[in-house]
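Understanding the architecture of this molecule
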Number of protein chains: 2
Amino acid sequence: MATHRFDPNFTKNVINAIGPKTSPRLRQLMTGLIKHVHDFARENELTVDEWLAGVKLLNWAGQTSDDRRNEGQLLCDVIGLESLIDEITFTRAGEAKDAPIATAILGPFFRADTPWRQNGEDIVKTKPANGEMVFMHGQVLDFASKKPLVESTVEVWLASTNGLYEQQDPIQEEFNLRGKFKTGEEGRYSFYCLRPTPYPVPNDGPEGKLLELMDRHPFRPAHIHIIAMHNGYRPLTTQIFDREDKYLDNDSVFAVKDSLVVDFVPRKGDPQASLELNYDIKLVMFDAVNGA
Amino acid sequence: MATHRFDPNFTKNVINAIGPKTSPRLRQLMTGLIKHVHDFARENELTVDEWLAGVKLLNWAGQTSDDRRNEGQLLCDVIGLESLIDEITFTRAGEAKDAPIATAILGPFFRADTPWRQNGEDIVKTKPANGEMVFMHGQVLDFASKKPLVESTVEVWLASTNGLYEQQDPIQEEFNLRGKFKTGEEGRYSFYCLRPTPYPVPNDGPEGKLLELMDRHPFRPAHIHIIAMHNGYRPLTTQIFDREDKYLDNDSVFAVKDSLVVDFVPRKGDPQASLELNYDIKLVMFDAVNGA
């Protein structure tokens, strides 16, 4: 621990209070957490008022969280923690050669109860006036062999053009812009959705307050969330980003990776959509990666 | 920052996102916080599940907090943070020679609206069957000159013998075992109270869960909270501890300092109390301390 003018035994005493029945991993995590929190307080000579302001922010996060909103997670997102943990997970799992598709954070708007949809279905159940329709399609493939994976699950969700996911927005039909698809022959999936648009993360709670205090904008670049799964393969959680978005370089939650940027191209002769996105998803077998 | 196998620019990018209008102090604190949080995550290769468990605990703290309970603060207390900040504050303010009375944490049970009492008043408004009555008295003095300070404010609060402060306990009268006193001639204050008893910190919320996970007992040694103030003097927030308490060496919130340990002695000829505590409070003028 760093040298400082405070009681040199204090942190050690707090760590040593951890009892013998604690699991080794929890002991490791609490030891690290206590050291870093204490070092942070000492290095910055944190005042009572500053500490209490932080406690208030944390309590506020819990108070504004419920089944549909997780402000504790949002606070972590704006300091990059969720994206960092995503990178750690990806690095640990993917230390095989030839990195598969990059991962990205799950984010707070995932819903476990998203309904199944038919391939080719339009998931825009509530149409905004200003939306551009997209036909998104592709194959789920084995990363190594490029073999199509029939009966994979592809789950997607995105915000509407007003910047809100359906569970944040009383105007949208439930499960609007969400769907789970089962791949058919040649591992193909397809659906109609909106071209995603950039949106601000919620600014009426502690996350918004923290961003304001840090003089940062709240925008996320336009993206579509994807989870893909197939038996025997490592599940993939990612996001794909619109190359034309102006927030690509300064995502408020630091989730963009170059390999996740995609191009929406004009689609001809389809009355249902003026744009098209062809996106293949490559999954890695459990055996092929270390420790997975 | 430490060497590691993850993106070497990630933390820098998150810090550099802080905008130009942020106050210098907030920039310093957020920079330090982001570095420590990221280092903690990388050093321990924090998993998604572990991180989400932490988020859940933090959200739970907010959800169980209200006007009468501050679980965010309690969580900080059990990892020693409030006591450490108290030490930092005391060190910064008291770098004059001849340290005055040591400070101790305010704790979560302070109430700003505690009523005034008369000197000599009994603050045990709800008598427990098993309480030992104490006559506590003393003088408020100038630390340097030992001159008595008339019209000082002395505020005290303590838990009852069931381990609960009045706001936690429907059985106790409101403001039981609390009072604010104005010192009279020779700077004297006095009141009747209970001999304090050890008690566990709340164990029905995230603080209790964290203690259980760390295999630690929840007890605080018996103590009386004191705040003393006088115009032109630095306010003192402290706690005094009963020398006979068995938890003196392992306070669950790490607040005990040797100089704050006191002796309750037998009191003769007073039908109202079998014990006595004579405790003088020394305050330091604002001019006498650096930076205060």
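No experiment lies behind these values; they were computed from the predicted model shown. (Residues numbered from 1 in each chain as written. Chains lettered and ligands numbered in written order. Predicted model: local features only at pLDDT ≥ 70, side-chain atom pairs only at ≥ 80, totals over all residues. Heavy atoms only, no water.)

Here we look at the domain arrangement of chain A
As a reminder of what qualifies: Domain segmentation is taken from an automatic or database assignment of domains.
Along its sequence, chain A is carved into domain 1 (9-46) and domain 2 (77-285). On a C-alpha basis, the centres of domain 1 of chain A and domain 2 of chain A stand 38 Å from each other.

A few points about the environment of P218 of chain A
Note the following rule: Helix and strand assignments come from DSSP, with helices taken as H or I runs of at least 4 residues and strands as E runs of at least 2, each series counted from the N terminus. In this description, contact between two residues means that some pair of their heavy atoms is separated by no more than 4.5 Å.
Its place among the elements puts P218 of chain A in the loop between α6 (206-213) and β7 (219-220). Discounting chain neighbours no more than four positions away, the residues touching P218 of chain A are Y199, P200, V201, L211 and S252 of chain A.

So, the sheet that holds strand β10 (residues 261-262) of chain B
The test is simple: When DSSP finds two or more bridges between a pair of strands, those strands are recorded as paired.
Spatially, β4-β3-β8-β9-β10 (chain B) is the arrangement adopted by the five strands of the open sheet, whose pairing is mixed. Two strands lie at the open edges of the sheet, namely β4 (178-182) and β10 of chain B, each paired on one side alone.

A few points about the packing of helix α3 (residues 48-63) of chain A against α6 of chain A
Residues and elements named next belong to chain A. Rules: Axis definition: a line fitted to C-alpha atoms, over the contacting stretch in the case of helices. Angles run 0 to 180 degrees between N-to-C directions. All residues other than Ala, Val, Leu, Ile, Met, Phe, Trp, Tyr, Cys, Pro, Asp, Glu, Lys and Arg, Gly among them, are scored as polar; the first ten of these are nonpolar and the last four charged.
With their axes 9 Å apart at the nearest point, α3 and α6 run at an angle of 145° to one another. Together, L57, W60 and A61 of α3 and P206, K209 and L210 of α6 make up the contact between the two elements. Here the contact of α3 with α6 is built from residues that sort into five nonpolar, no polar and one charged.

Describing the environment of V265 of chain A
All names here are of chain A. As for its position among the elements, V265 is in strand β11 (residues 265-266). Linking V265 and P235, residues 30 residues apart in sequence, is a C-alpha distance of 28 Å. Not counting residues up to four positions away in its chain, the partners in contact with V265 are S274, L275 and E276.

Details of the sheet that holds strand β8 (residues 223-229) of chain A
Residues and elements named next belong to chain A. Strand order in the open sheet formed by five strands is β4-β3-β8-β9-β10, and the pairing between neighbours is mixed. At either end of the open sheet lies a strand with only one pairing partner, and these are β4 (178-182) and β10 (261-262). Relative to strand β9 (residues 236-242), β8 is paired through six bridges, and the arrangement is antiparallel. In the strand pairing of β9, I224 is matched with I240.

Brief notes about the relation of the copies chain A and chain B
Put simply, the second copy of the chain is the first one after a rotation about an axis and a shift along it. How we decide: Copy-to-copy alignment: least squares on C-alpha atoms, limited to residues at pLDDT 70 or above in both.
For the match of chain A to chain B, the screw axis carries a shift of 0.0 Å, the RMSD comes to 0.1 Å, and the turn is 179°. Taken together, the turn and the small shift mark the pair as related by a two-fold rotation axis. Within chain A, the C-alpha atom positioned nearest to the axis of rotation is that of G62 of chain A, 1.9 Å from it. When the interface residues of chain A are mapped onto chain B, 100% of them are again interface residues, pointing to one common binding face.

Description of the interface of chain A and chain B
Quick note on the threshold: Defined here as a combined quantity, buried area equals the accessible surface (1.4 Å probe) lost by two parts on assembly, summed across both. Salt bridges are defined by distance alone: a side-chain nitrogen of Lys or Arg within 4 Å of a carboxyl oxygen of Asp or Glu. Residues adjacent in sequence count toward polar contacts only when both atoms are side-chain atoms; beyond that, a polar contact is any pair of N or O atoms within 3.5 Å, and within protein one must be able to donate a hydrogen and the other to accept it.
Taken together, the contacts link 68 residues of chain A with 68 residues of chain B. Summing both sides of the interface, chain A and chain B together bury roughly 6,000 Å²; the carbon and sulfur share of this comes to 67%. Between R25 of chain B and E50 of chain A there is a salt bridge; the shortest N-O distance is 2.7 Å. Viewed at the interface, chain B and chain A are joined by 37 residue pairs in polar contact (both at pLDDT 80 or more). Where the side of chain A that touches chain B is concerned, the elements lending two or more residues are α1 (10-16), α2 (24-43), α3, α4 (71-78), α5 (81-93) and α6 of chain A. The dominant element in the side of chain A that touches chain B, judged by the number of residues it contributes, is α2 of chain A, at 16 residues. In the side of chain A that touches chain B, the residues fall into 31 nonpolar, 20 polar and 17 charged.

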